[in-house]
Amino acid sequence: MAKINADELTLKDKVVFINRVAKVVKGGKRFSFSAVVVVGDGQGHVGVGKGKAAEVPEAIRKAIENGKKNLVRVPLKESTIPFEITGHYGAENVLLKPAADGTGIIAGGPVRAVMEMVGISNILCKSLGSGNPLNVVKATLEGFSKLRDPGEMVRRRQTALALSER
């Protein structure tokens, strides 16, 4: 897959989850924050990042930078996905189904954030499994990685057919 340059895109970001993490050390607890952020341009590019720092704004900044490094391209069919797909990551499964115009985004919190950042406005989603927000987002992106552009697949099949007829 070709590397996507984040500098060429106008990216927006959405915080999915912020968690306060405690490390027990001699003399008490040390608190830090971890943040999960989804970045996207609303035109089919999306990435997820995780950042950890002593302050919330710094954790979010790190997560955004990490998300920009992990951008992927999602093939869209108008305002939805081309076909039904299931993504799997860890103990999480996410079912993604295309929907007709006017349906809206029928999805839970972490999946909804990803759909808004990709630019999908009509889709049905169901999160099955652990419910850990980071795993839900990663399962959604794993499902997107299985998607193929229907036009490109037709061209590939026609080329293969033409070669086999020779």
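Conventions adopted
In every chain, residue numbers begin from 1 and rise along the written sequence. Thresholds applied to this predicted model are a pLDDT of at least 70 for local features of residues and 80 or more for the giving and counting of side-chain atom pairs; totals over whole chains, interfaces and linings are not thresholded and use all residues. Side-chain descriptors were evaluated using all non-hydrogen atoms of the structure, hydrogens and water having been removed beforehand. Under the scheme used here, helices are H or I runs from DSSP no shorter than 4 residues and strands are E runs no shorter than 2 residues, and both carry numbers assigned from the N terminus. When a residue's accessible area, from a 1.4 Å probe over protein chains only, is under 20% of the maximum for its type it is buried; when over 50% it is exposed; and in between it is partly exposed. By the convention used here, residues are in contact when the closest approach between their heavy atoms is within 4.5 Å. Note on areas: Shrake-Rupley, 1.4 Å probe, and residue coverage restricted to the protein chains presented here. Asp and Glu count as negative and Lys and Arg as positive, but His and the ends of the chain are not part of the count. For this purpose, a charge sits on NZ of Lys, CZ of Arg, CG of Asp or CD of Glu. Think of it this way: DSSP has to see at least two bridges between two strands before they count as a pair. Between the N-to-C directions of two axes lies an angle of 0 to 180 degrees, each axis being a line fitted to C-alpha atoms and, for a helix, fitted only over the stretch in contact. We call a crossover right-handed when, viewed with both strands directed away from the observer, the connection leading from the first strand over the helix to the second proceeds clockwise. UniProt positions are given in the numbering used here, feature names are shortened, and annotations may be inferred rather than shown by experiment. Boundaries of every domain are those given by an automatic assignment or by a domain database. Note: buried area is the sum, over both parts, of the accessible area (probe 1.4 Å) each one loses when the two are combined.

A count of helices and strands for the protein chain gives four helices and eight strands. Each principal axis of the C-alpha atoms in the protein chain carries an extent, and together these give about 75 × 30 × 30 Å. Looking at the protein chain as a whole, 37% of its 166 residues are labelled buried. Counted over contacts in the protein chain with a minimum sequence separation of 6, partners at least 24 positions apart contribute 58%. With an accessible surface of roughly 9600 Å², the protein chain has 52% of that area assigned to carbon and sulfur atoms. Side-chain charges in the protein chain split into 26 positive and 16 negative, and the spacing between the mean points of these groups amounts to 9 Å.

This next bit is on the sheet that holds strand 6 (residues 92-98). Here we have four strands laid out as an open sheet, ordered 5-6-8-7, and mixed in their pairing. Strands with a single pairing partner mark the edges of an open sheet, and in this sheet they are strand 5 (85-89) and strand 7 (105-106). One ladder, built from two bridges, connects strand 7 with strand 8 (residues 123-129); its direction is parallel. Looking at the pairing, I106 lines up with L124 of strand 8. Running at roughly 135° to strand 5, helix 3 (residues 133-146) makes contact with strand 5, strand 6 and strand 8 of the sheet.

Bringing the sheet that holds strand 4 (residues 72-73) into the picture now. Taken in spatial order, the four strands make up an open sheet running 1-2-3-4, and their pairing is antiparallel. The open sheet has two free edges, formed respectively by strand 1 (12-25) and strand 4, since each of these has just one partner strand. Strand contacts of helix 2 (residues 109-118): strand 1, strand 2 (28-40) and strand 3 (45-53), with the helix running at about 140° to strand 1, the strand carrying the most contacts.

Attention now goes to the pairing of strand 8. The pairing of strand 6 with strand 8 spans seven bridges and is classified as antiparallel. Following the sheet pairing, E92 is matched in strand 8 by G129. Once you follow strand 7 into helix 2 and on to strand 8, the crossover reads as left-handed.

On to the UniProt feature "domain: S5 DRBM" (unreviewed entry) in the protein chain, then. Residues annotated in UniProt with the feature "domain: S5 DRBM" (unreviewed entry) correspond here to residues 11-74. Note that residues 11-74 is 22% helix and 59% strand, and that its end C-alpha atoms are spaced 15 Å apart.

Right, let's get into unusual backbone geometry. Its identity is not glycine, yet E78 carries a phi of approximately 60°, on the positive side. Tracing the backbone shows E78 in the loop between strand 4 and strand 5. Taking the relative accessible area as the measure of exposure, E78 reaches 69% and is therefore exposed.

For helix 2, a buried count of seven out of 10 residues is recorded, marking the element as mostly surrounded by other parts of the structure. One or two residues past the end of helix 2 sits G119, with phi positive at roughly 105°.

Moving on, we come to the domain arrangement of the protein chain. When the domains of the protein chain are assigned, the result is domain 1 (12-72) and domain 2 (75-165). If you average the C-alpha positions of domain 1 and of domain 2, the two centres end up 23 Å apart. Listed by partner, the interface residues are 18 residues for domain 1 and 13 residues for domain 2. Together domain 1 and domain 2 conceal approximately 1200 Å² of surface at their shared face, both sides included; 83% is due to carbon and sulfur atoms. If you sort the residues of domain 1 by the area they bury against domain 2, K14, V46 and V48 come out on top, with a joint share of 34%.

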